[in-house]
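Listed below, chain by chain, are the residues.
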Amino acid sequence: MTGHIATIGSGIAVAGAAIGTGIGNGRVIAAMIEGTSRQPELEGKLRTNMFVGVALIEAVPILAFVISLMLLSK
């Protein structure tokens, strides 16, 4: 893909991934806070699971950015 359409499409894809990541991270962190408030003794386990979930969610916009750069370079 070349031209202006590819540039616009890549920007929309990365923006969508960033928005989705923000929503996903917010939901994961909110669930961790709610779980900690319900059962404070599980805070360490919940925090570990939260960090793993956030790391997996953060991989999505990075992949979207790399794929968009690959499409733009063709």
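Residues numbered from 1 in each chain as written. Predicted model: local features only at pLDDT ≥ 70, side-chain atom pairs only at ≥ 80, totals over all residues. Heavy atoms only, no water.

As annotated in an unreviewed UniProt entry, the protein is ATP synthase subunit c from Weissella kandleri. Quoted verbatim from the Subcellular location (unreviewed entry) field of UniProt, the annotation for the protein is "Cell membrane". According to its UniProt record, the protein has this under Sequence similarities (unreviewed entry): "Belongs to the ATPase C chain family." (UniProt positions renumbered as here; feature names shortened; annotations may be inferred.)

Peer 1: Would you take a moment to explain the overall build of the protein for this structure?
Peer 2: A count of helices and strands for the protein gives two helices and zero strands. Projected onto its principal axes, the C-alpha positions of the protein cover 55 × 15 × 5 Å. For the protein, the residues scored as buried account for 19% of the 74 residues in total. Pairs at least 24 apart in sequence give 76% of the contacts found in the protein among residues at least 6 apart. Carbon and sulfur atoms form 73% of the exposed surface of the protein, whose accessible area is close to 5400 Å². The positive charge centre, built from 5 side chains, and the negative charge centre, built from 4, are 10 Å apart in the protein. (Helix = DSSP H or I, 4+ residues; strand = E, 2+ residues; numbered from the N terminus. Buried < 20%, exposed > 50% of the residue type's maximum accessible area, 1.4 Å probe, protein only. Contact = heavy atoms within 4.5 Å. Areas by Shrake-Rupley, 256 points an atom, 1.4 Å probe, with all protein chains shown as cover. Lys, Arg positive; Asp, Glu negative; His and termini not counted. Charge placed at Lys NZ, Arg CZ, Asp CG, Glu CD.)

Peer 1: I'm lost on the UniProt feature "transmembrane region" (unreviewed entry) in the protein in this one. Help?
Peer 2: Mapped onto the present numbering, the UniProt feature "transmembrane region" (unreviewed entry) falls at residues 50–72. Each end of residues 50–72 is marked by a C-alpha atom, and these two atoms are 34 Å apart; helix forms 100% of the span and strand 0%.

Peer 1: Mind showing me how you'd approach the side chain of Ser10 here?
Peer 2: Relative to the assigned elements, Ser10 resides in helix H1 (residues 4–38). Judged by its relative accessible area of 8%, Ser10 falls in the buried class. Not counting the four nearest positions on each side in its chain, Ser10 is found in contact with Ser68 and Leu72.

Peer 1: Is there a simple way to explain the pattern of salt bridges in this structure?
Peer 2: Side chains that differ in sign of charge can pair as their charged atoms come close. Under the defined criterion, the tally for this structure stands at two salt bridges. Note that Glu34 is salt-bridged to Arg38, the shortest N-O span being 3.0 Å. Here Glu34 and its partner Arg38 are both found in helix H1, four residues apart, which amounts to about one turn of the helix. The shortest N-O distance in the salt bridge between Arg47 and Glu43 comes to 2.5 Å. Residue Arg47 and its partner Glu43 are located together in helix H2 (residues 43–73), separated by four residues, close to a single helical turn. (Salt bridge = Lys/Arg side-chain N within 4 Å of Asp/Glu carboxyl O.)

Peer 1: Help me understand the UniProt feature "domain: V-ATPase proteolipid subunit C-like" (unreviewed entry) in the protein in this model?
Peer 2: Under the feature "domain: V-ATPase proteolipid subunit C-like" (unreviewed entry), the UniProt entry names residues 8–71. As annotated, residues 8–71 has a helix share of 94% and a strand share of 0%, and its two end C-alpha atoms lie 12 Å apart.

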